[in-house]
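If you want the building blocks of each chain, they are given just below.
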Amino acid sequence: MSAQPNRRTAVTGIGVVAPNGLQTETYWKSVKEGLSVLDRITREGCGHLPLRVAGEVRGFDPTALIEETFLVQTDRFSHFAMAAASAALKDAGLSDAAADCPYSVGVVTAAGSGGGEFGQRELQKLWGQGSRFVGPYQSIAWFYAASTGQMSIRSGFKGPCGVVASDEAGGLDAVAHAARTVGRGTDVVVVGAAEAPLAPYSMVCQLGYPELSTEADPARAYRPFTSAACGFVPAEGGAVLVVEELDRARRRDADVRATVAGHAATFTGASRWDRSREGLAHAIRGALDEAGCAPQEIDVVFADALGVPEADRAEALALADALGPHGTRVPVTAPKTGIGRSYCGAPVLDIAAAVMAMEEGRIPPTPNVFDICHDIDLVTSTARPAELSTALVLSRGLMGSNAALVLRRDPGPDAR
């Protein structure tokens, strides 16, 4: 089915499970205040590893949020996704969305690695006790597509479903995929990403990334765009959005929190950060073109902010390449420096923050970052009041994906 040009995509619901907040409102309050919750890793079995600092989701009780039927067959990353999806549907006023027409609601998620904690536990049973002790859900719980499947089954959604595997940038690509699904005729799509990469097995896998920070001081472990940049720290959690056809949302008097205006993606190769300058700039131009947006219309940029000097320099130059003189003047922020990068979940958390920043007219600061060494207007220390109508969200993956997404405030039913 081809896209219908008159079908536009609205964001009507947001759900968040993050290191700095288990609800959307708490997350935004922490982000707005520039709080950093990075800390020493406390997960069992991780104390001997060189990765010391991360953004842990603490106080999350899946048994209070998810039925036992789903808990026993899913990993922590799916628990986050299901909890965030429930919150997003409630925010959108669509908790019973499947009751009338289950085929009108789809699900799309992105995932970088899947269920490492569940997989490790079952493999330990296999090698320590034997195959008879391995649970039947080992075959599905670790799979990167598990969250999409379980979210759709749990809520009874039978519309188009999908999983995006495109590196950390998959969080933005999933939202674009959902928007295009809406454009082809689906009324509602539940979309997002959540990750749980802090199990020992998952952490050992990550140690192969040269971009990973092994700094032991939480205040110094993740400081992009500074001379002290030494890599990124990982995080748990993520966000889920409800997106739906704009006119439909207005007909049911939904709160249209933003519209998805444009997206583009490129690929420039694993850890080739010099080439990411060109690839990211191309993605930005493509997203602007799809949105019908001039560079000077961008009011705020939510940066990828990898924390690797070469990558940070490439991102700053990409903004200048794509936005021209406006690239050095537009306010830039990276709230993830206070919570870590939750891989595919990170850019969806940035979308959530961008939507709320536009709603409140306040650009959140970049925690732990002060001495900027690149020609960008990075917001630090405290939030900055501003009139915000259009936001640009950027993401890059360690394997070479680049993506850009343009969000706009709802212009109202009379604007065309």
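Residues numbered from 1 in each chain as written. Predicted model: local features only at pLDDT ≥ 70, side-chain atom pairs only at ≥ 80, totals over all residues. Heavy atoms only, no water.

The name an unreviewed UniProt entry assigns to the chain is 3-oxoacyl-[acyl-carrier-protein] synthase 2, from the organism Streptomyces azureus. The Sequence similarities (unreviewed entry) comment attached to the chain in UniProt states, word for word, "Belongs to the thiolase-like superfamily. Beta-ketoacyl-ACP synthases family." (UniProt positions renumbered as here; feature names shortened; annotations may be inferred.)

Peer 1: Would you mind showing me how to read the nonpolar core here?
Peer 2: It is characteristic of soluble globular proteins that their nonpolar side chains tend to be buried jointly. If you look at the biggest cluster of nonpolar residues, it comprises 48 residues, and the most contacted ones within it are Ile 284, Ile 298, Val 301, Leu 319, Val 332, Leu 392 and Leu 394. Elements that contribute at least two residues to this core include exactly β3 (53–54), α10 (273–291), α11 (309–323), β14 (390–396) and β15 (401–408). For this core, the element with the highest residue contribution is α10, accounting for 8 residues. Two domains each put at least three residues into this core: domain 1 (9–252) and domain 2 (258–409). If sequence neighbours within four positions are ignored, Ile 298 has contacts with Leu 288, Cys 293, Leu 323, His 326, Val 330, Thr 390 and Leu 392. If you look at the next biggest cluster of nonpolar residues, it comprises 47 residues, including Tyr 27, Val 348, Leu 388 and Ala 403. (Core = buried A, V, L, I, M, F, W, Y, C linked by side-chain atoms within 4.5 Å. Buried < 20%, exposed > 50% of the residue type's maximum accessible area, 1.4 Å probe, protein only. Helix = DSSP H or I, 4+ residues; strand = E, 2+ residues; numbered from the N terminus. Domains from an automatic or database assignment. Contact = heavy atoms within 4.5 Å.)

Peer 1: I'm lost on the domain arrangement of the chain in this one. Help?
Peer 2: Think of interface size as the accessible area that goes away when the parts come together; that is how it is often given. Examined at the domain level, the chain breaks down into domain 1 (9–252) and domain 2 (258–409). A C-alpha centroid distance of 21 Å is found between domain 1 and domain 2. If you look at the interface, domain 1 gives 65 residues, while domain 2 gives 66 residues. In total, domain 1 and domain 2 occlude about 5,100 Å² of area from one another, counting both sides; carbon and sulfur atoms represent 67% of this. Summed over the three residues of domain 1 that lose the most area to domain 2, namely Glu 168, Leu 172 and Phe 225, the buried surface amounts to 19% of that side. (Buried area = accessible area lost by both parts, 1.4 Å probe.)

Peer 1: What is the right way to read the pattern of salt bridges from this model?
Peer 2: Between side chains of opposite charge, a pair can form as their charged atoms come close. On inspection of all chains with the given rule, the structure shows 27 salt bridges. Where Asp 410 meets Arg 250, a salt bridge forms, and the shortest distance between an N and an O atom there is 2.6 Å. Of this pair, Asp 410 sits in the segment after β15 while Arg 250 sits in helix α9 (residues 246–251), and the two are 160 residues apart along the sequence. Exposure remark for Arg 250: the relative accessible area of 16% places this residue in the buried category. Members of the salt-bridge network, linked through shared partners, are Arg 7, Asp 187, Glu 244, Arg 248 and Arg 252. (Salt bridge = Lys/Arg side-chain N within 4 Å of Asp/Glu carboxyl O.)

Peer 1: Would you mind going over the environment of Arg 251 with me for this structure?
Peer 2: Along the polypeptide, Arg 251 turns up in helix α9. Linking Arg 251 and Ser 155, residues 96 residues apart in sequence, is a C-alpha distance of 23 Å.

Peer 1: Would you mind going over the environment of Leu 388 with me for this structure?
Peer 2: Counting through the fold element by element, Leu 388 comes out in the loop between β13 (384–385) and β14. In sequence terms Leu 388 and Val 355 are 33 residues apart; their C-alpha atoms lie 9.6 Å from each other. Here Leu 388 is in contact with Asp 299, Val 300, Ala 357, Met 358, Gly 361, Arg 362, Ile 363 and Arg 409, once residues within four sequence places are set aside.

Peer 1: Help me understand the side chain of Thr 366 in this model?
Peer 2: Within the secondary structure layout, Thr 366 lies in the loop between β11 (362–363) and β12 (377–378). Judged by relative accessible area, which is 2%, Thr 366 ranks as buried. Engagement of the side chain of Thr 366 in a polar contact is seen with the backbone nitrogen of Ala 334, the distance being 3.1 Å. Each residue touching Thr 366, except ones within four places of it in the same chain, is listed here: Thr 333, Ala 334, Thr 337, Leu 378, Val 379 and Thr 380. (Polar contact = N/O pair within 3.5 Å; in protein donor to acceptor, adjacent residues only side chain to side chain.)

Peer 1: Any chance you could explain the environment of Glu 56 here in plain terms?
Peer 2: Looking at the secondary structure, you find Glu 56 in the loop between β3 and α2 (68–71). The class for Glu 56 is buried, based on a relative accessible area of 6%. Note: C-alpha distance between Glu 56 and Ser 342 (286 residues apart in sequence) is 9.8 Å. When neighbours within four sequence positions are excluded, Glu 56 is seen to be in contact with Pro 19, Arg 40, Ile 41, Thr 42, Arg 43, Leu 198 and Glu 236. At a separation of 2.5 Å, a polar atom in the side chain of Glu 56 contacts the main-chain amide nitrogen of Thr 42.

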